[in-house]
Number of protein chains: 2
Amino acid sequence: MREDAIGVFDSGVGGLTVAREIMNQLPNEKIVYFGDTARVPYGSKSKDTIISFSRQIARFLQTKNVKAIVIACNTASAFALETLKKECDVPVIDVIAPGARAAANATKNNKIGIIGTIGTVNSGIYSQYLREKKPEALVYAKACPLFVPLVEENWLYDSVTIEIAERYLSELKGYGVDSLVLGCTHYPLLRHTIQKVMGEQVELVNPAYETALTLKRVLEEKELNQLEWKDNHHEFYVSDGAEQFRSFANSILPCNVVETNVVNIEMYDRG
Amino acid sequence: MREDAIGVFDSGVGGLTVAREIMNQLPNEKIVYFGDTARVPYGSKSKDTIISFSRQIARFLQTKNVKAIVIACNTASAFALETLKKECDVPVIDVIAPGARAAANATKNNKIGIIGTIGTVNSGIYSQYLREKKPEALVYAKACPLFVPLVEENWLYDSVTIEIAERYLSELKGYGVDSLVLGCTHYPLLRHTIQKVMGEQVELVNPAYETALTLKRVLEEKELNQLEWKDNHHEFYVSDGAEQFRSFANSILPCNVVETNVVNIEMYDRG
């Protein structure tokens, strides 16, 4: 089991920011990544649809004998974590609990902001976790639907992006939040713009980083961690656009992505 | 056959602008609409994926005994028209040929602009049609990926939208195009902003309007048009988010959408 890979999935390329943190913090581990590029984005879709997509992907990853599954997508974490935990016989780790925990630890004035897709924000999942972890905290959530397409346009430091960020974030700034969860895997790429708009005193929480830490702890506790380094060949699968994915992956990962394979994910509808 | 409905499909709500034109220009006809809201958007996906999605939808529509199919989506028109024409035994009408024809007729200086999603623009389909229709015309195409999310934010007349439109359109303006195809079904909703940025001398071509005209002609030629008006109950189906769809449909259609049903569209994978 220690030799087995870690399955990581996302609606598309965003989850590569989580894969990157895992590669940095757990260099001995092999990753099997699936990006659902044919059905991206998840943020605007319903709970039932996200559960059904996530189930197909978990079934696919289990055909690769993974020893753990990381849901590297906030929307899928919000909607499908309970289902996957119930149906998979390996540990399932989401990005929300680690992000919420870090935000609860970071705040000093007990005012926490959350930004994410419409799906993540409307699910209320971060607020729910935070109410349990830190009942005294006030939590303010705001959906920022233009952030993902702005990242995809690569307008990361653009005046238009700053203007849009100012509009989206002014309310959270007004409430005086001192920690802000980047509750969508694309958002760390807008980190500098968001920090500039919010001010240096606000601590930005990156759930990707926290998730890799949690994964490390879980693998060690269950004695599933790979003990020795070997030259792992991570595997990458998508449901569409393999070449575009590969080129993006190579631009952000610390390893060379040699090939990406397309999977007909709808085929994994029955277990 | 004259009594049968017209099948109309799109990746989501955008095709409702086409359904609206059909309702206005062919008031006797009944529409069965399918919006693929679980897999929206199509604009960034590959040809193979779009063909496979469109095939499933055409199969679904044919279970409703439609007498014609309208592909009310530019990306699906660009990628799947030939396949559906081959595989369906009813007439299949796309949005691109009618839009290209209108642009060819509208231009006086033979400089035509096309705006659309990355998929539509990269397919080169409008340029291809226009090269056949009007070989002497110069065609300039530009992808505007932020326009759809801006429409979905309802920032139709916003200063940010004007700024982004100015950036996207400055090149086309520089080339001096005198007709501009709104090559994505969401774009007619940005018509005022686009007209303002391009100037009043530029004619905006709305393929939705032209498509309804083409459908009318095809039905008459094939003696498939419904001759008398009756109180049609249009039917609406989606792959996700029925309630959200219904509320949007009611905001733009001239009829009352009473119910919208969710279809598991992946089930229509085999004929």
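Residues numbered from 1 in each chain as written. Chains lettered and ligands numbered in written order. Predicted model: local features only at pLDDT ≥ 70, side-chain atom pairs only at ≥ 80, totals over all residues.

Draft legend 1. Main features of the domain arrangement of chain A. All names here are of chain A. Under the domain assignment used here, chain A contains domain 1 (6–94 + 209–269) and domain 2 (97–206). Taking the mean C-alpha position of each, domain 1 and domain 2 sit 23 Å from one another. Across the boundary between the two partners, domain 1 contributes 22 residues, which contact 19 residues of domain 2. For the side of domain 1 that touches domain 2, the secondary structure elements donating two or more residues are α1 (16–25), α3 (74–87) and α10 (207–221). Among the residues forming the side of domain 1 that touches domain 2, the class breakdown is 9 nonpolar, 9 polar and 4 charged. (Domains from an automatic or database assignment. Contact = placed C-beta atoms within 7 Å. Helix = DSSP H or I, 4+ residues; strand = E, 2+ residues; numbered from the N terminus. Nonpolar A, V, L, I, M, F, W, Y, C, P; charged D, E, K, R; others polar.)

Draft legend 2. Fine view of the sheet that holds strand β4 (residues 92–94) of chain B. All names here are of chain B. The sheet built from 6 strands is open, its strands ordered β4-β3-β1-β2-β9-β10 with parallel pairing. Since the sheet does not close on itself, it has two edges, and those belong to β4 and β10 (261–262), each with one partner. The pairing of strand β1 (residues 6–10) with strand β2 (residues 31–35) spans 5 bridges and is parallel. Counterpart to G7 in the pairing with β2 is V32. (Pairing = 2+ DSSP bridges.)

Draft legend 3. Layout of the interface of chain B and chain A. Taken together, the 16 residues of chain B in the interface contact 16 residues of chain A. Put simply, the parts of the chain that give the side of chain B that touches chain A at least two residues each are α7 (147–152) and α8 (159–175) of chain B. In terms of residue class, the side of chain B that touches chain A is made up of 6 nonpolar, 3 polar and 7 charged.

Draft legend 4. Focus on the sheet that holds strand β5 (residues 111–116) of chain A. Residues and elements named next belong to chain A. Here we have 4 strands laid out as an open sheet, ordered β6-β5-β7-β8, and parallel in their pairing. Two strands lie at the open edges of the sheet, namely β6 (138–143) and β8 (203–205), each paired on one side alone. The mean angle between the axes of side-by-side strands here comes to 20°, regardless of whether they run parallel or antiparallel. In the sheet, strand β7 (residues 179–183) pairs with β8 via 3 bridges, with the strands oriented parallel. Paired with L180 across the bridge in β8 is L204. Sheet strands touched by helix α6 (residues 125–133): β5, β6 and β7. Its angle to β6, the strand with the most contacts, is close to 170°. (Axes fitted to C-alpha atoms, helices over the stretch in contact; angles between N-to-C directions.)

Draft legend 5. Structural detail: the pairing of β5(A). Residues and elements named next belong to chain A. Of all 6 residues that make up β5, 5 are buried, and the element is covered over most of its length. The pairing of β5 with β6 spans 6 bridges and is parallel. Of the residues in β6, the one forming a bridge with G116 is A143. As paired strands, β5 and β7 are joined by 5 bridges and run parallel to one another. Across the sheet, the residue bridging to I114 is V181, located in β7. (Buried ≥ 20, exposed ≤ 12 C-beta atoms within 10 Å, placed from the backbone.)

Draft legend 6. Structural detail: the relation of the copies chain B and chain A. You can overlay chain B on chain A at an RMSD of 0.0 Å; the transform is a turn of 180° with a shift of 0.0 Å along its axis. On the angle and the small slide along the axis, the relation comes out as a two-fold axis. The rotation axis passes nearest to the C-alpha of B:R39 in chain B, at a distance of 2.4 Å. A shared binding surface is used by both copies, with 100% of the interface residues of chain B retained as interface residues in chain A. (Least-squares fit on C-alpha atoms with pLDDT ≥ 70 in both.)

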